[in-house]
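Each chain, written out:
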Amino acid sequence: MKWFEVALVVLTFATGITWLLDRLLFARRRAARAGLIDEKEPVVVDYARAFFPVLFFVLILRSFIAEPFRIPSSSMMPTLLIGDFILVNKFTYGIRLPINNRKVIALGEPERGDVVVFRPPHHPDQDWIKRVVGLPGDVVAYRDNTVYVNGEPFEYGRAIAYEGAGRGRDMTGAELVQETMPGRSHLVLETVRPGGFDPGEGEWRVPEGEYFVMGDNRDRSDDSRFWGTLPESQLRGKAFLVWMNLDSSAPGWVDWSRIGGSIP
């Protein structure tokens, strides 16, 4: 929601400047005239003094520490369900300015398997979420529900039937599979396609400074297989916590473990 970010920055600066100018200039004049007339503090200054600390705190929190995000689709099932509220770490990959997302302090780079929030190149005003599969310089291929990186396939466990919940119940009957990439495992959903045709199959080379991202719901995800690799400059942060889901048929509160996982 870029409009919210812009509004937050504008309101923070407006209230801050109003409060500062009043303290430096107008408050002294009112004090000097206090013995002559009963002059009250202007209402706009009163509101600025009250709201600036709150707005400033929220701006720092959302821009540089952690930002809430709501999952709008099924593309990351079963890891993230429709309606999940998650927290995104904003400083894992570096300190970035609000609005233009320019990195000013480099702190780290995405690792394979990270679940990242970003603004896709073809929808720069929207926040999307996917999993990093390919790193800069990798050759990524996807064939027969198998991901290959530099010619080596990921490992896959036994498939079991998935039972969806809430607004994700239409995925009931899909195959739930544990996918293991170097150093990390997570769950993915695969559906049986008549004739075996998959429009997402192919091979891609990841340019320097970019990443190949995929959804865990492999047949319901609009990702790098269709629109290309993700520039590092479009990253917003790393998802690290599911803290609520308001869907009455889905798990409800804090879940520290769902981003990742295995078949019991």
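Here, every reference points to the structure presented above.
This structure is a prediction, so every number in the text was calculated from the model and none was measured.

About the thresholds
- Residues numbered from 1 in each chain as written.
- Predicted model: local features only at pLDDT ≥ 70, side-chain atom pairs only at ≥ 80, totals over all residues.
- Heavy atoms only, no water.
- Helix = DSSP H or I, 4+ residues; strand = E, 2+ residues; numbered from the N terminus.
- Buried < 20%, exposed > 50% of the residue type's maximum accessible area, 1.4 Å probe, protein only.
- Contact = heavy atoms within 4.5 Å.
- Areas by Shrake-Rupley, 256 points an atom, 1.4 Å probe, with all protein chains shown as cover.
- Polar contact = N/O pair within 3.5 Å; in protein donor to acceptor, adjacent residues only side chain to side chain.
- Phe/Tyr/Trp six-rings, centres within 6.5 Å; stacked < 30°, edge-to-face > 60°.
- Pairing = 2+ DSSP bridges.
- Axes fitted to C-alpha atoms, helices over the stretch in contact; angles between N-to-C directions.
- Expected span 1.5 Å × (residues − 1).
- Bend = angle between axes of the 7 residues up to and from the residue.
- 1 Å grid on protein atoms, 1.4 Å probe; cavity = no way out; pocket = protein on both sides within 12 Å on 5 of 7 lines; lining within 4 Å.
- Points joined across faces, edges and corners; volume = space filled by probe spheres on them.
- Nonpolar A, V, L, I, M, F, W, Y, C, P; charged D, E, K, R; others polar.

Visitor: If you had to explain the overall build of the chain to someone new, which residues and values would you point to?
Guide: Helix and strand content of the chain: three helices and 17 strands. Here the chain holds 264 residues, and 44% of them are scored as buried. For the chain, contacts bridging at least 24 residues in sequence account for 60% of all contacts bridging at least 6. Carbon together with sulfur atoms contributes 61% to the accessible area of the chain, which is approximately 13,800 Å² in total.

Visitor: Now, about the side chain of Asp127: what can you tell me, with residues and values included?
Guide: With respect to the helices, strands and loops of the structure, Asp127 is situated in the loop between strand E5 (115-118) and strand E6 (128-134). In this structure the side chain of Asp127 is engaged in a polar contact, spanning 3.1 Å, whose partner is the side chain of Arg119.

Visitor: Hey, could you go over the environment of Phe240 for me, with residue numbers and the actual values?
Guide: Note on placement: Phe240 falls in strand E17 (residues 235-245). Phe240 gets classed as partly exposed once you look at its relative accessible area, which sits at 36%. Considering only alpha carbons, one finds Phe240 and Asp114, 126 residues apart in sequence, at a separation of 9.1 Å.

Visitor: Give a description of the packing of aromatic side chains that names residues and reports values.
Guide: According to the stated counting rule, one finds eight aromatic pairs in the structure shown. When the ring of Trp128 is compared with that of Trp227, the centres are 6.2 Å apart and the planes differ by 80°; the resulting orientation is edge-to-face. Highlighted residues: Trp128 in strand E6 and Trp227 in helix H3 (residues 224-227), separated in sequence by 99 residues. This pair shows no difference in class: Trp128 is buried, exactly as Trp227 is.

Visitor: Summarise the sheet that holds strand E16 (residues 230-231); cite the residues concerned and give the values.
Guide: The seven strands lie next to each other as E1-E2-E17-E5-E6-E15-E16, forming an open sheet whose pairing is antiparallel. Because the sheet does not close on itself, it has two edges, and the strands there are strand E1 (66-70) and E16. As defined by bridge partners, strand E15 (residues 210-214) adjoins E16 across two bridges and the pair is classed as antiparallel. Looking across to E16, one finds that Tyr211 is bridged to Leu230. In this fold helix H2 (residues 43-65) packs onto E1 and strand E2 (84-89), with an angle of close to 80° to the strand it touches most, E1.

Visitor: Any chance you could break down H2 for me, citing the residues and the numbers?
Guide: Helix length check: H2 (23 residues) gives 32 Å between terminal C-alpha atoms against 33 Å at 1.5 Å per residue, within 8%. At Phe51, H2 is deflected by roughly 35°, the largest bend along its length, and proline Pro53 occurs up to four residues later in sequence. Inspection of H2 places Val45, Ala48, Leu55, Leu59, Arg62 and Ser63 among the buried residues, and these make up the whole buried set.

Visitor: Which residues make up empty space enclosed by the protein, and what values do they have?
Guide: The rolling of a water-molecule-sized probe over the atoms marks out the regions of remaining empty space. The final tally for this structure, using the stated rule, is four cavities of 30 Å³ or more. As a volume, the largest cavity reaches approximately 60 Å³. Around the largest cavity, the lining residues are Glu5, Ser63, Lys90, Arg96, Leu97, Pro98, Asn101 and Arg236. Its residues placed into classes, the lining of the largest cavity shows two nonpolar, two polar and four charged.

Remember, this is a structural readout, not a statement about activity or role.
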